[in-house]
Structure formats: C-alpha cells, structure tokens
Amino acid sequence: MAMALAPAPRIRVDSDLKTLARRFWKVAAPYWWSEDKVQARLRLAAVFALTLATTGISVGFNFLGRDFYNALADKDQEQFTKQLLYYLGGFAVGIPFFVLRDYARETLSLRWRSWMTSYYMKRYFKNRTFYKIQSQSIIDNPDQRINDDLSAFTGTALAFSLTFFNAAVDLISFSNILYGIYPPLFIVLIVYSLGGTGISIFLGKNLVNLNFMQEKKEADFRYGLVRVRENAESIAFYGGEENELQLLLDRFRRAFENLSELLIASRNLEFFTNGYRYLIQILPAAVVAPMYFSGKIEFGVINQSVSAFNHILSDFSLIVFQFQSISAFSAVIDRLGEFDDLLDGNDSSLLSKSDSIDGINIIFKSTGLSVLSSNGSLPQSDPCVVLEIRNLTLLTPRSGNILITDLTMELKEKDHLLVMGPSGSGKTSLLRALAGLWTSGTGDVIYHVRGSMELQTSNSGPDEPSDMQSNGEELLQSSKQRRDNGIFFVPQRPYMVLGTLRQQLLYPTWIEDVYHSPNNDPQSTDPLTFLSEVSTSDGVGSKSEMPTTDELIRVLEVVKLGYILPRFDGLDSMHDWASVLSLGEQQRLAFARLLLAKPTLVLLDESTSALDDTNEAHLYSQIEAAGITYISIGHRKTLHKFHNKVLYISKSDSTDSVPRNWDLKPTDQMPIEESSSFAS
C-alpha cells in the first residue's frame with residue numbers, strides 16, 4: 001500500500017501584473033453571479049452606502065475642526081463651547097456609522113468566504129481531483145489554500161475594495177477644500193505622493209515572492225507536524241523520534257530563513273515609509289504658515305489644511321502605506337489562482353506524460369430489459385456476468401511503464417478471483433484501474449449492473465448530464481456512481497472517518513443520510529443553503545434503506561467486534577478511531593461496512609493482512625454467504641481456498657510493447673511450486 005508523499009517542490013515563477021489581475025478576477029467574480037448574488041449585492045451596496053456616509057461625516061468633522069480651533073485661537077469661550085457641543089453631537093451621530101460599516105463589511109466577508117469554501121471544496125472533490133493532486137504531487141498544501149488563503153482573500157479583497165472606493169470619494173471631497181485654501185499645497189501633495197509611491201515599489205519589489213514562499217514553508221512545517229500526529233505509533237515503533245525532530249527542525253529552519261529575508265525587506269521599506277508618514281505631519285503646516293503669518297488665513301484654516309492634506313495624501317499614498325499588505329495579498333491571489341486553474345483543469349501539471357494514452361473506459365452495462373440499443377433490439381447481456389475486462393493494457397500515469405498487457409477476462413456471479421504476483425507487478429494498480437482512479441492505458445472495464453440504467457440515471461439533475469449511450473451502457477462519471485451501482489472497495493488500511501462509531505459503519509453508503517438527518521439539528525434555520533449541498537457528482541443508482549441500530553449491532557457481532565460497544569459507550573461515541581482501534585479491528589470494521597452495503601462486487605486489497613487465519617476465514621465465509629462476488633489481492637497461501645480463479649501478474653518495467661505478462665487459471669490448477677513463489 002503506497003504512502004502519500006508530500007508534494008514535490010515546484011519552481012516558483014513570479015506573476016506579472018496582468019496575470020495577477022486575471023487571477024484576481026477569476027477567483028473573485030463567481031460569487032457575485034452565484035445563487036447568493038442577490039444577498040451579496042445588497043450587502044455590498046449597504047457597505048458602500050455606509051462608506052459614503054462615513055466620508056460625509058469626515059468632511060463634516062473637517063469643517064467642525066476648523067471652527068473649533070478658530071474659536072480657541074480667538075479666545076471666544078461662547079463660540080468654543082458651542083463648537084464643542086457640535087463636536088460631541090457629531091461623535092454621537094457619526095460613530096455608529098463607522099461601527100456599522102465595519103460590521104457590515106466583516107459579515108459580508110464571512111458570507112463570501114463561506115460560499116467560496118463550499119465552491120472550492122466541491123470542485124476539489126469532484127472527479128477525484130483531490131486524489132490526482134496528492135498522487136501526482138501537483139501543488140503544495142491544498143488544505144491551507146482552502147482554509148487560510150480563502151479567508152485572507154475575502155477579507156482583504158473587500159477591505160481593499162472599500163479602501164479604494166473610500167479613497168476616490170475622499171479625493172473628490174477634500175481636493176476642493178485643499179485647492180481652495182492654497183493651490184501650491186495641492187501640487188506639493190501630488191509630487192510628494194508620486195515620489196513616495198515610486199520609491200516604495202522599488203524598495204518592496206521582492207516582498208510578493210517572499211510572502212508567497214513564506215506561506216508555503218509555514219504550511220510545509222505544519223504538514224510535517226500533522227504527519228507526526230497521524231503516524232505517532234509507527235514512529236514510536238521505529239524509534240524515529242530523532243529523525244522526525246531533525247526533519248521538522250529543517251522545515252522550520254527554511255521557514256525561519258525565508259522569514260528573516262522577509263523581515264529585512266520589510267525593515268528597509270519601513271525606514272522609508274515611517275519617514276514618509278511622519279514628514280506629512282509638518283509639511284502642510286510649513287507650506288501654509290507664511291500665509292498665516294501674513295494674516296491671509298486664520299489659525300483654524302491651518303488645522304483644516306492639515307486634515308485635508310492628510311486625507312488626500314492617504315488616498316494618493318495607498319501603495320506606500322499598504323505595500324506590505326498588497327504584497328501579501330498578491331501572494332494569496334497567486335496561490336488561489338494557481339489552485340483555481342488546477343481545479344478547472346487549466347494547469348499544465350494536470351496533463352501528465354500519459355494523458356495522450358488515457359484510454360481505459362469504465363462502463364456500466366445494464367442487465368435489465370428496459371433500454372433499447374441503437375438498432376432497436378434489446379441489449380444482450382448475460383445476467384450471470386458481473387465484470388468484463390477487454391484488452392486492458394495498464395500503464396503508470398507519469399512514466400508510462402507497462403504494468404499489464406492486453407488483459408481479457410470475465411467474472412461471473414459467485415466467481416471469486418485472487419490476484420497474485422511479485423511486489424511492484426501492478427496488482428494494486430489493477431484495482432485502481434478497475435475503480436477508475438487510473439486511466440492510463442487502453443481497453444474497457446465493463447460492469448454488468450442489475451436493473452435498468454434508465455432508472456438509475458433518473459436522479460441526475462437537469463444540469464448534470466449523464467454519459468448514457470443508446471446501447472444501455474454508461475461511462476463512469478464519479479466514485480459515487482460506481483458505489484451506487486454495487487461496486488465496493490476495501491483497502492488494506494481502511495479509512496476511518498471523523499465521527500461516531502455509527503458513522504464509521506454507515507460510511508460511505510449512507511453517510512449523506514446521516515448528515516442530512518433532521519435529527520441532527522431539528523431547529524436549523526441556516527440561511528447559507530450552499531453549505532448544505534454536499535453532492536459533487538451525478539446522483540445515480542439507488543441504495544437500500546439505512547440500517548437500524550439493531551442491524552448495526554448485529555453486524556458488529558457478525559465480524560466479532562461486539563465487544564467494542566461497551567468499550568466505547570455505544571454507537572454514538574466520538575473517538576479518533578484510527579488510533580483507538582488496532583489495524584485488525586479496523587479491517588473487521590471495514591468488512592462490517594461491506595456486509596451492510598451488500599454490493600454486487602467488492603475489490604479487496606490485502607484487506608485481511610492484519611487478521612489471523614481464523615478471523616480471515618470467518619470474514620470470507622460471511623461475504624460469500626451474502627452472495628457477494630469478490631476480487632482479492634493477497635500473498636497468503638491461505639487465501640487460495642476462498643477463491644476459484646487466480647490471476648498471476650509478472651513484473652514488467654518496460655515502456656515498450658511487451659508480450660502478455662499475466663496468466664488466468666482455476667485455483668485447483670495452480671501448481672504448488674508456483675503458489676509458493678508468489679506467496680513468498
């Protein structure tokens with residue numbers, strides 16, 4: 001069983017402004033035309049309206065400040081008291097607008113993030129993209145991009161949008177004030193802001209790439225810590241603490257070194273921006289002071305000019321003041337844009353070397369009589385046949401090495417096939433091909449499905465077209481489709497879901513029913529309906545009614561796991577099941593899932609490797625008694641008696657055409673010496 005590896009590092013290429021703009025629009029735009037667009041646009045309009053109100057309040061405070069300081073300079077106590085009351089009244093009226101603006105912005109950001117999280121996760125799981133990303137090491141840390149980067153993107157995008165909008169309104173509002181006071185001061189402001197922007201861009205040009213790499217290195221370090229937690233027992237058995245410590249410290253050192261470079265670049269930029277920021281406190285007063293000394297303006301006008309100057313300069317100097325935030329945001333756009341391109345299938349790394357020979361077709365063929373073929377006759381399908389493999393040549397996805405050549409066979413009901421061969425010969429790869437995970441190669445894998453395909457595709461939505469063909473055949477579209485058509489897979493190390501023991505048993509056949517059960521939250525009035533839509537594939541096929549509690553308890557007894565119920569306080573207790581159950585117990589739990597699901601065909605990948613001979617024989621007898629046809633991969637000689645056919649695969653690493661490297665025969669015709677060689 002192959003262990004998932006951390007993604008290999010990819011060469012980082014800086015994105016130009018055009019690419020950043022394209023990626024920003026591609027990531028940001030879908031929400032505003034989604035099913036939530038009405039709420040989104042109304043809330044955005046409210047935020048902009050509140051922003052306009054706060055700008056108007058700021059202009060009002062500018063004039064209040066002028067009159068307040070004029071009264072103070074004139075020593076006019078009556079006028080001073082009057083202006084002070086105006087000021088306090090302005091605070092009482094204005095402050096709620098600022099608070100409501102920020103609250104409206106944050107709630108819109110949260111709603112946007114919620115929709116985008118759902119949107120990206122559906123695409124991440126659709127068509128097994130998550131599997132391709134991990135198995136081909138295409139990009140680093142997709143989990144961080146969904147969790148951290150989406151949160152940063154929505155919050156920052158909204159904040160920057162409002163900042164630019166506010167800057168434009170501010171610029172219009174305060175430019176008239178400043179230009180009316182002293183036109184040369186307006187010219188000084190433009191020259192000062194443009195010069196500051198140019199210098200900031202020059203000093204901070206490396207920050208985008210450094211921020212991008214920091215995100216990656218921090219995520220790599222976190223990924224290493226998670227692996228230690230998930231593989232704690234294996235590490236402890238190996239005594240690999242020192243090795244893991246060294247690996248983690250090495251990853252942290254890389255993050256530290258990059259962060260040190262980032263801090264140096266930020267320090268150099270801060271030298272300039274701090275000087276730029278503090279100089280503006282005296283610059284406008286210094287420019288208009290001669291007019292005050294000559295008696296052309298009042299003292300309050302100096303305060304008004306300083307206030308207007310700072311407002312406008314902040315608008316012109318957004319790049320100067322926000323350069324570090326902009327560079328960090330650019331890195332987020334880059335990471336999300338790269339991820340988005342990948343989910344859309346536009347990333348060149350999705351196109352592996354073998355894409356041109358992805359020709360293995362997974363076909364479901366109905367054994368019912370309600371679908372006519374293209375010539376008007378009923379399709380001929382032997383009701384006893386469960387699986388057909390026609391001229392299957394299987395290659396590795398990237399290197400294109402030939403694993404199996406021209407395999408042709410069929411499996412009927414109550415036929416049980418044992419797949420054997422030396423390590424690396426392609427036994428598990430054959431199961432991947434049968435499951436539709438690997439399509440590199442040529443040939444057809446045909447599953448003969450009970451009932452009518454016409455009925456089974458009736459659950460597809462209007463926007464989810466099926467690949468139904470006129471001869472009663474349908475191409476594989478999703479893992480759910482395979483499962484709903486009675487094909488089940490049990491790996492060597494079963495997957496333990498995050499949830500209760502009940503959910504472990506119901507996974508994956510009825511897990512959606514559990515999450516959608518009204519008993520989970522009878523009072524739920526969640527307005528975010530898009531967070532409840534978990535389907536990522538065409539709804540095909542049908543399944544039996546969800547098992548009752550008594551049936552769940554009974555199946556645990558059948559697989560000899562009844563003792564775990566009192567041990568873990570019943571079916572609805574929550575634990576880290578991958579840690580608290582031994583591998584043997586996990587394998588028996590996987591057989592319990594299998595017996596509950598009652599599939600037509602099950603693919604077993606060394607699924608009893610951690611069990612003793614007695615438990616292994618018991619479980620195989622249970623699935624045979626249930627009338628389930630099975631294909632097993634295994635090395636044990638004890639497996640032979642549970643199968644009536646054996647498929648031998650010999651090892652081949654060639655990329656060129658090779659002669660047939662497999663042999664199919666009844667188990668009772670297998671020579672003893674051949675059995676021993678394959679079992680060793």
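Residues numbered from 1 in each chain as written. Predicted model: local features only at pLDDT ≥ 70, side-chain atom pairs only at ≥ 80, totals over all residues. Heavy atoms only, no water.

Some remarks on the side chain of threonine 154
Next up, step 1: As for its position among the elements, threonine 154 is in helix α5 (residues 142-181).
Next up, step 2: A polar contact is formed between the side chain of threonine 154 and the backbone oxygen of serine 151, at a distance of 3.2 Å. (Helix = DSSP H or I, 4+ residues; strand = E, 2+ residues; numbered from the N terminus. Polar contact = N/O pair within 3.5 Å; in protein donor to acceptor, adjacent residues only side chain to side chain.)

Considering the packing of aromatic side chains
Next up, step 1: Evaluation of the coordinates by the stated rule reveals 26 aromatic pairs.
Next up, step 2: With centroids separated by 6.2 Å and ring planes inclined at 75°, the aromatic side chains of phenylalanine 24 and phenylalanine 329 adopt a geometry described as edge-to-face. In this pair, phenylalanine 24 sits in helix α1 (residues 17-28) while phenylalanine 329 sits in helix α13 (residues 323-343), placing the two residues 305 residues apart along the sequence.
Next up, step 3: Residue classification places phenylalanine 329 among the buried residues on the basis of a relative accessible area of 9%.
Next up, step 4: Taken together, a centroid distance of 5.6 Å and an interplanar angle of 90° make the contact between tyrosine 119 and tyrosine 120 edge-to-face.
Next up, step 5: Look at tyrosine 120 and you get buried, because its relative accessible area is 1%. (Phe/Tyr/Trp six-rings, centres within 6.5 Å; stacked < 30°, edge-to-face > 60°. Buried < 20%, exposed > 50% of the residue type's maximum accessible area, 1.4 Å probe, protein only.)

With respect to the nonpolar core
One broad trend across soluble globular proteins is that nonpolar side chains are buried collectively.
Next up, step 1: Within the largest apolar cluster, 40 residues are counted, with the highest numbers of intra-cluster contacts made by Leu505, Leu556, Leu604 and Ile623.
Next up, step 2: Tallying contributions element by element places helix α22 (residues 583-597) first for this core, with eight residues.
Next up, step 3: Filtering out sequence-adjacent residues up to four positions away, isoleucine 623 remains in contact with Phe591, Leu594, Leu595, Leu604, Ile628 and Tyr630. (Core = buried A, V, L, I, M, F, W, Y, C linked by side-chain atoms within 4.5 Å. Contact = heavy atoms within 4.5 Å.)

A short note on the sheet that holds strand β9 (residues 629-633)
Next up, step 1: In spatial order, the strands read β7-β8-β9-β4-β10-β11; together these six strands make up an open sheet with mixed pairing. Edge positions in the open sheet fall to β7 (487-490) and β11 (662-666), since each of these has one partner strand only. Between one strand axis and the next, the sheet turns by 15° as a mean value, whatever way the strands run.
Next up, step 2: Strand contacts of helix α23 (residues 613-625): β4 (416-420), β8 (601-605) and β9, with the helix running at about 150° to β9, the strand carrying the most contacts. (Pairing = 2+ DSSP bridges. Axes fitted to C-alpha atoms, helices over the stretch in contact; angles between N-to-C directions.)

Here's the deal with the pairing of strand β5 (residues 441-449)
Next up, step 1: A large share of β5 lies buried, amounting to seven of its nine residues.
Next up, step 2: Pairing of strand β2 (residues 385-395) with β5, which is carried by six bridges, proceeds in the antiparallel orientation. Counted as the bridge partner of threonine 393 is threonine 442 from β5.

Things to note about the pattern of salt bridges
Next up, step 1: The final tally for this structure, using the stated rule, is 28 salt bridges.
Next up, step 2: Arginine 335 is paired through a salt bridge with aspartate 149; the nearest N and O atoms lie 2.9 Å apart. Placement of arginine 335 in helix α13 and of aspartate 149 in helix α5 is noted, with a sequence separation of 186 residues between them.
Next up, step 3: Take aspartate 149: its relative accessible area is 1%, and that puts it in the buried class.
Next up, step 4: Notably, a salt bridge pairs glutamate 585 with arginine 567, separated by 3.0 Å at the nearest N-O pair. In this pair, glutamate 585 sits in helix α22 while arginine 567 sits in helix α20 (residues 564-567), placing the two residues 18 residues apart along the sequence.
Next up, step 5: Among the residues examined, glutamate 585 registers a relative accessible area of 6% and is labelled buried.
Next up, step 6: Salt bridges sharing partners connect three or more residues here, namely Arg22, Arg23, Lys26, Arg123, Asp334, Asp340, Asp341 and Asp344. (Salt bridge = Lys/Arg side-chain N within 4 Å of Asp/Glu carboxyl O.)

Describing a nonpolar patch on the surface
Next up, step 1: A grouping of Leu84, Leu85, Leu88, Phe91, Ile95 and Val99 is seen on the molecular surface, where their side chains present a nonpolar patch of about 550 Å² in accessible area.
Next up, step 2: Looking at leucine 84, the relative accessible area reads 34%, which means it is partly exposed. (Patch = residues over 30% accessible without salt bridge, like charges linked within 9 Å, V, L, I, M, F, W, Y side chains within 5 Å. Areas by Shrake-Rupley, 256 points an atom, 1.4 Å probe, with all protein chains shown as cover.)

Thoughts on the packing of α22 against α23
Next up, step 1: Put simply, α22 and α23 touch, their axes get as near as 11 Å, and they point 10° apart. With respect to their mutual orientation, α22 and α23 come out roughly parallel. For the pair α22 and α23, the contacting residues are Arg588, Phe591, Leu594 and Leu595 in the first and Asn615, Leu619, Gln622 and Ile623 in the second.
Next up, step 2: In the contact of α22 with α23, the residues fall into five nonpolar, two polar and one charged. (Parallel < 35°, antiparallel > 145°, perpendicular 65-115°, else oblique. Nonpolar A, V, L, I, M, F, W, Y, C, P; charged D, E, K, R; others polar.)

Considering the packing of α1 against α13
Next up, step 1: Where α1 meets α13, the axes come as close as 9 Å, and the angle between the chain directions of the two elements is 65°. Taken together, the axes of α1 and α13 are roughly perpendicular relative to one another. Handedness of the crossing formed by α1 with α13: left-handed. Across from Leu20, Arg22, Arg23, Phe24, Lys26 and Val27 in α1, the residues of α13 making contact are Phe329, Ser330, Ile333, Asp334, Leu336, Gly337, Glu338, Asp340 and Asp341.
Next up, step 2: Looking at the contact of α1 with α13, its residues break down into six nonpolar, two polar and seven charged. (Left-handed = near helix turned anticlockwise from the far one by under 90°.)

Some thoughts on the confidence of the model for the protein chain
As a general rule, the predicted coordinates of low-pLDDT regions are not to be interpreted in detail.
Next up, step 1: For the protein chain, per-residue confidence averages 78 on the pLDDT scale, and residues scoring 70 or more make up 78% of the total.
Next up, step 2: By mean pLDDT, the top-scoring element of the protein chain is helix α19 (residues 549-558) (94), and the lowest-scoring one is helix α15 (residues 453-456) (40).
Next up, step 3: Counting interchain partners and residues more than four positions distant, the pLDDT-below-50 stretch residues 452-468 has 38 contacts. (pLDDT = per-residue confidence, 0-100.)

Some remarks on a negative patch on the surface
Next up, step 1: Judged by side-chain charge, Asp74, Asp76, Glu78 and Glu298 come together as a negatively charged surface patch.
Next up, step 2: Relative to the helices and strands, aspartate 76 resides in the loop between α2 (37-73) and α3 (77-125).
Next up, step 3: By relative accessible area, aspartate 76 is classed as partly exposed at 34%. (Lys, Arg positive; Asp, Glu negative; His and termini not counted. Charge placed at Lys NZ, Arg CZ, Asp CG, Glu CD.)

Some thoughts on helix α10 (residues 283-293)
Next up, step 1: Within the sequence span of α10, burial applies to Leu283, Pro284, Val288, Ala289 and Met291.
Next up, step 2: Backbone geometry just after α10 places glycine 295 at a positive phi near 85°.

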